[in-house]
Amino acid sequence: MNNQTPQKVDFEVTIARQINGAWCEAGTRVSLFPAQAKYYLPPFGTGLKAVAVKVAGKVEKAPAKPAE
């Protein structure tokens, strides 16, 4: 059994419409759980597209040099 909680995903509204009870203009970004977004994505519906998530690489800082 999967014990992880679902994570919200960012979507961009492609057609001005009501999403989860709120009016959203085209170009607006919304965060929805995948189960919520299902009905606004093909093949069930239209109006949203997934936004590509940019993952920053892990940046390690060099240790600070002691002042002399």
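Predicted, not measured: the structure shown is a model, and the values here were computed from it.

Colleague: Can you walk me through the nonpolar core in this structure?
Modeller: Soluble, globular proteins show a tendency: their nonpolar side chains are buried together. Ranked by size, the top nonpolar core spans 9 residues in total: Phe11, Val13, Ile19, Cys24, Val30, Leu32, Ala37, Tyr40 and Leu48. Counting residues per element, the ones that place at least two in this core are β1 (9-13) and β4 (29-32). Not counting the four nearest positions on each side in its chain, Leu48 is found in contact with Phe11, Glu12, Val13, Thr14, Ile19, Val30, Leu32, Ala37, Tyr40 and Leu41.

Colleague: I tried to follow the packing of aromatic side chains on my own but got confused; where do I start?
Modeller: The full count for this structure, using the stated rule, is 1 aromatic pair. For the ring pair Tyr39 and Phe44, a centre distance of 6.0 Å and an interplane angle of 50° mean the geometry is tilted. The exposed category is assigned to Phe44, whose relative accessible area is 55%. The ring of Phe44 carries the charged tip of Lys38 above its face, separated from the ring centre by 5.6 Å.

Colleague: Could you clarify how one ought to interpret the pairing of β1 in this entry?
Modeller: Regular strands place side chains that alternate from one sheet face to the opposite one. Here β1 runs beside β4; their pairing, made up of 4 bridges, is antiparallel. Note that in β4 the partner of Glu12 across the bridge is Arg29. Across 3 bridges, the pairing between β1 and strand β5 (residues 48-50) is antiparallel. Residue pairing for β5: Phe11 is matched across the bridge by Ala50.

Colleague: Sorry, what's going on with the sheet that holds β4 here?
Modeller: Adjacent strands of a sheet pair through backbone hydrogen bonds, lying either parallel or antiparallel. Across the sheet, which stays open at both edges, the 3 strands sit in the order β4-β1-β5 with antiparallel pairing between neighbours. Since the sheet does not close on itself, it has two edges, and those belong to β4 and β5, each with one partner. Across the sheet, the axes of successive neighbouring strands diverge by a mean angle of 40°, strand direction being ignored.

Colleague: In this structure, what is going on with unusual backbone geometry? I would like to understand it.
Modeller: Leaving glycine aside, a negative phi is the common case for residues, and trans is the common case for peptide bonds. Cis geometry is found at the peptide bond from Pro42 to Pro43, where omega equals 10°. Residue position: Pro43 is located in the loop between α1 (34-37) and β5. Unusually for a residue other than glycine, Asn20 sits at a positive phi of about 50°. Judged by relative accessible area, Asn20 falls into the partly exposed class, the value being 42%.

About the thresholds
Residues numbered from 1 in each chain as written. Predicted model: local features only at pLDDT ≥ 70, side-chain atom pairs only at ≥ 80, totals over all residues. Heavy atoms only, no water. Core = buried A, V, L, I, M, F, W, Y, C linked by side-chain atoms within 4.5 Å. Buried < 20%, exposed > 50% of the residue type's maximum accessible area, 1.4 Å probe, protein only. Helix = DSSP H or I, 4+ residues; strand = E, 2+ residues; numbered from the N terminus. Contact = heavy atoms within 4.5 Å. Phe/Tyr/Trp six-rings, centres within 6.5 Å; stacked < 30°, edge-to-face > 60°. Lys NZ or Arg CZ within 6 Å of the ring centre and 35° of its normal. Pairing = 2+ DSSP bridges. Axes fitted to C-alpha atoms, helices over the stretch in contact; angles between N-to-C directions.

Everything listed here is a matter of coordinates, which is why it stays silent on function.
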